[in-house]
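Understanding the architecture of this molecule
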Amino acid sequence: MTVRVGLIVNPIAGMGGKVGLKGTDGEATLDKARALGAEPLANTRAEAALAAASWQRGTLELLTFAGDMGETTATKAGLEPTVIGNSRAGASDAGDTAAAARAMLERDVGLILFAGGDGTARDIFQVIGQEVPVLGIPTGVKMHSAVFATGPASAGRLAAEYLRGGTAGIGLADAEIMDIDEEEQRRNRLSAKLFGYARVPFERRALQYAKAASHVSGQAKLDALGRDTAAGMEQDVLYIIGPGSTTQRLLQHLGLEGSLLGVDVVLNGKAVVRDASEADLLQALDGHEARIISGVIGGQGFLFGRGNQQISAGVIRRVGVDNLMVVAAVEKLIALPTNRLLVDTGDSDLDADLSGFMRVHTGPGETMMLAVAAA
Amino acid sequence: MSGNGTLRNYHAAVWDEPVVMEMGHHGRRGMVFPDIDEAVTAAVGDSESLIPEEMRRHDRPALPEMSEPEVQRHYLHLSQETLGMMGVSLFGTCTMKYNSRINELIGARPEVAETHPLQHEDTLQGTLEIIHNFDLILRELSGMDQFVFQAGGGADAAYTHVCVTRAYHQARGQLAQRNEIVTSIQAHPCNAATAAAAGFKIVTLMLDDNGYPSLDALKAAVSDRTAALLINNPDDMGIYNPDIKEWVNIVHEAGGLCFYDHANFNGVMSKLRARELGFDACMYMLHKTFGTPKAGGGPAVGAYGCTEELAEFLPCPVVTFDGETYHLDEDRPNSIGRVREFWGNVPQIVKSYSWSRAMGAEGICEAADLSVLGNNYMEKRLLEIPGITKSQPHLNKWRMEMTRYSLEKLKEDTGVTTFDVANRMVDFGIDAYWLAHEPWLVPEPFTPEAGEMYSREDLDHWVDVLARISHEAYTDPEIVKTAPHNQAIAKIKAEPLEDPEKWAMTWRAYKRKYGAGKET
């Protein structure tokens, strides 16, 4: 059986980082990066990923775009790619990434492996949604999304093992697609958005040894926590439910359809506001005792300030920092890159109030003490 | 690396026999019993009538029909297909020790093997004396006031403690308020699990940069809801928390109890006393630290000791001595009851007592030193092997009796995982190593524990095998990824072990799930 995999290299991804430009979105920035001496590294990283994997020759069909969008790198890595399109003359951009993803979706690839950053992940996600699994070779400057492997070689290997199939312990999980508006960030205004959840191959550890605990996945625990929390919700208290798949479980246990990417407000078992803005939240809060139930967003471990800006400093202050409930899977907390949760509410006094140690709920009756720091 | 290319050749016995349930021949018997003598029948009646009607089976048991030598041969072959626990097994956190033959012989003596816990205590004075004297040895090592041996393992002893904690706070009318138990992500998972089983909520502390949780994290976790702290020290990364006294103070000031899980006692035996650090209770595993067999998950003993203040809550019976006679004290109205039947695995207590007396105080002290020395000797050599790093590499203090290593680099460089390496080790006749408890804080972990018993040659041989496998991973990774090759069985599929539809714990379940034969 032939397996088809798509390869998308965003050749300019990661160029802004070393020259301090916080990304390469927009042509003017790219020119500036080049002028500052930035070198393309996406293709180098993609090549490392392809070279590390043991692909099953003869049964693998690698689809990619011409030249530096994948063809060159795949050939260098000793593979024989099928070229299914071309980028526009000169620099490739978001449109090319999307065009490549669309061409791959039409050709029923089993996986899209891409080299890029948050912007590339978002461009691909907007075309494929949850229809095709993706896996990122970490390349970009911004990596708030959770779709990236830990390194190029592990990305290549994980992709190959997933495609080979039948390997115990390799599954698919939902992972956040997030992006920050680079224009805003260069003006020192952060505007991160949660765009959705892509399907990503991940390695479940196979437990073969006698002393290992029986496997109760963090996800199952979260599900039980959702049920537990739903059952414990108080009458006449307003609940602000943050975005993400973790808090979504709680809404499911309440029998409510929430907005996965937005903030919802629940009162006495009913969704009173869906996908609320900051203004909606402040209005809803009027006259109510309230709680905020929030997840941990993205690969960087943000509690507030990325992907959930609707829950603003004003909203948090109005609810009270003692009325926050944070929920997350143990696995996510262990994988935090800095061992800390991050807050960036835009109000440094509030960030200081939130800093220190916080209890994060990981299952029914189970909490974990996590350090919280201002980003 | 000294060992590359010079390792001894090894191949396990391969018998490739069916399971015993598929062996035998219709009508074959291992033992043929004579007909019942008429005089016997006349005296006791028909043999069937000896078994009450409702207990009588209607069908013959579906046992394989085999001769005695066939059965002996089959089980001999099975034993040859294991590594037999007599190789170099540095299974970390398990503190593997040689179980001396003389202790086994003592355990098999009729004075031990043929006694029964329901005998009158007047006929058990010798056994009770040994239990009491061993209690005194553990009191000396820990500073506690009373030990009990009922718990059938370390987790059972942790459970004993959470039950004692529950009784203690209940007696003070604070149980409803004190419903939280604080532990660390590096404590044995049984601490959190037993606390949950006893109805407590769990507050888990993450590790700080020092390799143990920070005092600030503890302070933030502790409150008037804290029932107890359950903690080990060092943890199984081999890092000793020097602030432990202050930890205990913080918890005591908040009104909670402190339990020292001495799972990692080997490196600190005789070097510290739980009581002197302020702890209210502690636990030793006799099947690890005190030299008794741990066999296939048992028989085990979790020796639980506590202060006088908590002793009224201990499970019954408690072995006591009035200066003349030893007693089984059942009259303890505030006792939590039993955590297990009778008074524990007595033969194991006898063997542990024998081990302790043979070692002596000086021997126990030296064993602790040797286990730390052995680990650090191995650490130096292991870290020279490509692909191996250790947890918290930035900490340059000596580790205690264990170090946690990571094969993350080996995996990133070669694709070979810690499972692959463990599978390959058995090709050299070396027992697979211990990885780490879940959840893994260190990627691709492995955790050897040298202990005091293995020789330097044994430790070198173990390291040489790891060096060889690392070399293979970088030059011919498929050898490692498809291991084992020299073993009784090839690599097993992990998937069925995790799938309830596929696993089969009994022959009946196997037949049902795989259709190997219709159920009769």
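Residues numbered from 1 in each chain as written. Chains lettered and ligands numbered in written order. Predicted model: local features only at pLDDT ≥ 70, side-chain atom pairs only at ≥ 80, totals over all residues. Heavy atoms only, no water.

Before going further, it helps to examine the overall build of chain A. Within chain A one finds 14 helices and 16 strands. In chain A, which comprises 375 residues, the share counted as buried stands at 55%. Across chain A, every contact between residues at least 6 apart in sequence was considered, and the portion connecting residues at least 24 apart equals 66%. For chain A, the exposed surface amounts to about 15400 Å²; the carbon and sulfur share of it is 47%. (Helix = DSSP H or I, 4+ residues; strand = E, 2+ residues; numbered from the N terminus. Buried < 20%, exposed > 50% of the residue type's maximum accessible area, 1.4 Å probe, protein only. Contact = heavy atoms within 4.5 Å. Areas by Shrake-Rupley, 256 points an atom, 1.4 Å probe, with all protein chains shown as cover.)

All names here are of chain B. Taken domain by domain, chain B comprises domain 1 (115–344) and domain 2 (367–395 + 403–487). Summarising the inter-unit geometry, the C-alpha centres of domain 1 and domain 2 are found 32 Å apart. In this assembly, 16 residues from domain 1 lie in contact with 20 residues from domain 2. Three residues, D236, M237 and N266, lead the burial of domain 1 against domain 2; their summed loss comes to 40% of the area buried on that side. The interface formed by domain 1 and domain 2 holds two salt bridges in total. Note that R404 and D236 form a salt bridge whose closest N and O atoms lie 2.6 Å from each other. Remark: the boundary between domain 1 and domain 2 carries five residue pairs in polar contact (both at pLDDT 80 or more). The residue inventory of the side of domain 1 that touches domain 2, partitioned by class, reads seven nonpolar, six polar and three charged. (Domains from an automatic or database assignment. Buried area = accessible area lost by both parts, 1.4 Å probe. Salt bridge = Lys/Arg side-chain N within 4 Å of Asp/Glu carboxyl O. Polar contact = N/O pair within 3.5 Å; in protein donor to acceptor, adjacent residues only side chain to side chain. Nonpolar A, V, L, I, M, F, W, Y, C, P; charged D, E, K, R; others polar.)

Among the surface-exposed residues, I36, V40, V44, L50, I51 and M55 of chain B lie close enough to one another that they form a single nonpolar patch of about 590 Å² accessible area. With respect to the helices and strands, V44 of chain B occurs in helix α1 (residues 38–44). (Patch = residues over 30% accessible without salt bridge, like charges linked within 9 Å, V, L, I, M, F, W, Y side chains within 5 Å.)

Moving on: the interface of chain A and chain B. Residue-level contacts link 30 residues of chain A with 40 residues of chain B. Summed over both partners, the interface of chain A with chain B comes to about 3100 Å²; 56% of that surface belongs to carbon and sulfur atoms. Inspection of the region where chain A meets chain B yields two salt bridges. D208 of chain B is the partner of R340 of chain A in a salt bridge, and the nearest nitrogen-oxygen pair spans 4.0 Å. Taken together, the connections running from chain A to chain B amount to eleven residue pairs in polar contact (both at pLDDT 80 or more). The set of elements that each furnish at least two residues to the side of chain A that touches chain B consists of α7 (152–164), α13 (330–334), β15 (356–363) and β16 (366–374) of chain A. Looking at side-chain class alone, the side of chain A that touches chain B contains 14 nonpolar, seven polar and nine charged residues. One ladder, built from four bridges, connects β16 of chain A with strand β3 (residues 201–205) of chain B; its direction is parallel. By the bridge assignment for β3 of chain B, M369 of chain A is matched with L205 of chain B. (Pairing = 2+ DSSP bridges.)

Attention now moves to the nonpolar core. L138, F149, L218, F279, Y284 and F290 of chain B are the most contacted members of the largest nonpolar core, which has 56 residues in total. Ranked by residues supplied to this core, first place goes to helix α11 (residues 346–382) of chain B with nine residues. Here this core spans two domains, since at least three of its residues come from each of domain 1 (115–344) and domain 2 (367–395 + 403–487) of chain B. Contact partners of L138 of chain B, with chain neighbours within four places excluded, come to G143, F147, F149, Y284, F290 and A303 of chain B. In this structure, V3, A74, L79 and A103 of chain A belong to the second largest nonpolar core, which totals 53 residues. (Core = buried A, V, L, I, M, F, W, Y, C linked by side-chain atoms within 4.5 Å.)

As a further point, take the domain arrangement of chain A. Residue and element names in this part refer to chain A. Taken domain by domain, chain A consists of domain 1 (3–203) and domain 2 (218–374). Taken together, the contact pairs 15 residues of domain 1 with 16 residues of domain 2. A combined buried area of about 1100 Å² lies between domain 1 and domain 2, and 60% of that area is made up of carbon and sulfur atoms. Viewed at the interface, domain 2 and domain 1 are joined by one salt bridge. For E176, the salt bridge goes to K332, with nearest N and O atoms at 2.7 Å.

In this section: the pairing of strand β10 (residues 270–273) of chain A. The side chains of a regular strand alternate between both faces of the sheet. All names here are of chain A. Where strand β9 (residues 264–267) and β10 come together, three bridges link them in antiparallel fashion. Bridge pairing in β10 places V266 opposite A271. Between β9 and β10, which pair antiparallel one after the other, the connecting turn spans two residues, and N268 there sits at a positive phi close to 50 degrees.

For any pair of aromatic rings, geometry is given as the distance between the ring centres together with the angle between the planes. All names here are of chain B. Across all of its chains, the model carries 19 aromatic pairs over all chains by this definition. Their ring planes at 85 degrees and their centres at 5.8 Å tell us that F134 and F290 sit as a pair that is edge-to-face. On the criterion of sequence distance, the pair formed by F134 in helix α5 (residues 125–142) and F290 in the loop between β6 (281–285) and β7 (302–306) is long-range, its members being 156 residues apart. With relative accessibility at 0%, the residue F290 sits in the buried group. (Phe/Tyr/Trp six-rings, centres within 6.5 Å; stacked < 30°, edge-to-face > 60°.)

The next subject is the sheet that holds strand β12 (residues 445–446) of chain B. All names here are of chain B. An order of β10-β11-β12 is seen for the three strands of this open sheet, with the pairing classed as antiparallel. Strand pairing shows two members of the sheet lacking a second neighbour, β10 (389–390) and β12, which therefore form its edges. Looking at chain direction, strand β11 (residues 405–406) and β12 are connected through two bridges and run antiparallel. In the strand pairing of β12, S406 is matched with P445.

All names here are of chain A. Here five strands make up an open sheet; going across it, the order is β3-β2-β1-β4-β5 and the pairing parallel. Among the strands making up the open sheet, the edge pair consists of β3 (82–83) and β5 (134–138). Sheet topology note: the strand β1 (residues 3–9)/strand β2 (residues 60–64) ladder contains five bridges and is parallel. Opposite V3, over in β2, you have L60 as the bridge partner. In the packing of helix α5 (residues 94–106) onto the sheet, the strands contacted are β1, β2 and β4 (111–116), and the crossing angle to β1 comes to about 175 degrees. In the packing of helix α6 (residues 118–128) onto the sheet, the strands contacted are β1, β4 and β5, and the crossing angle to β4 comes to about 155 degrees. (Axes fitted to C-alpha atoms, helices over the stretch in contact; angles between N-to-C directions.)

All names here are of chain B. Mapped onto the elements of the fold, R424 is located in helix α13 (residues 418–425). Side-chain polar atoms of R424 contact the side chain of E472, separated by 2.8 Å. Ignoring anything within four residues of it in the chain, the contact list for R424 reads I469, E472, I479, V480, A483 and H485.

What follows deals with the pairing of strand β2 (residues 180–184) of chain B. All names here are of chain B. Most of β2 is tucked away: five of the five residues are buried. A two-sided burial pattern is seen for β2, the buried positions comprising E180, V182 and S184 on one face and I181 and T183 on the other. Looking at chain direction, β2 and β3 are connected through five bridges and run parallel. Directly across from E180, in β3, lies its bridge partner K201. At this point the chain moves from β2, through helix α7 (residues 189–197), to the parallel β3, and the crossover so formed is right-handed. Bridge count between β2 and strand β4 (residues 226–231): four bridges; the pairing is parallel. Across the sheet, the residue bridging to I181 is A228, located in β4. (Right-handed = clockwise from strand over helix to strand, strands pointing away.)

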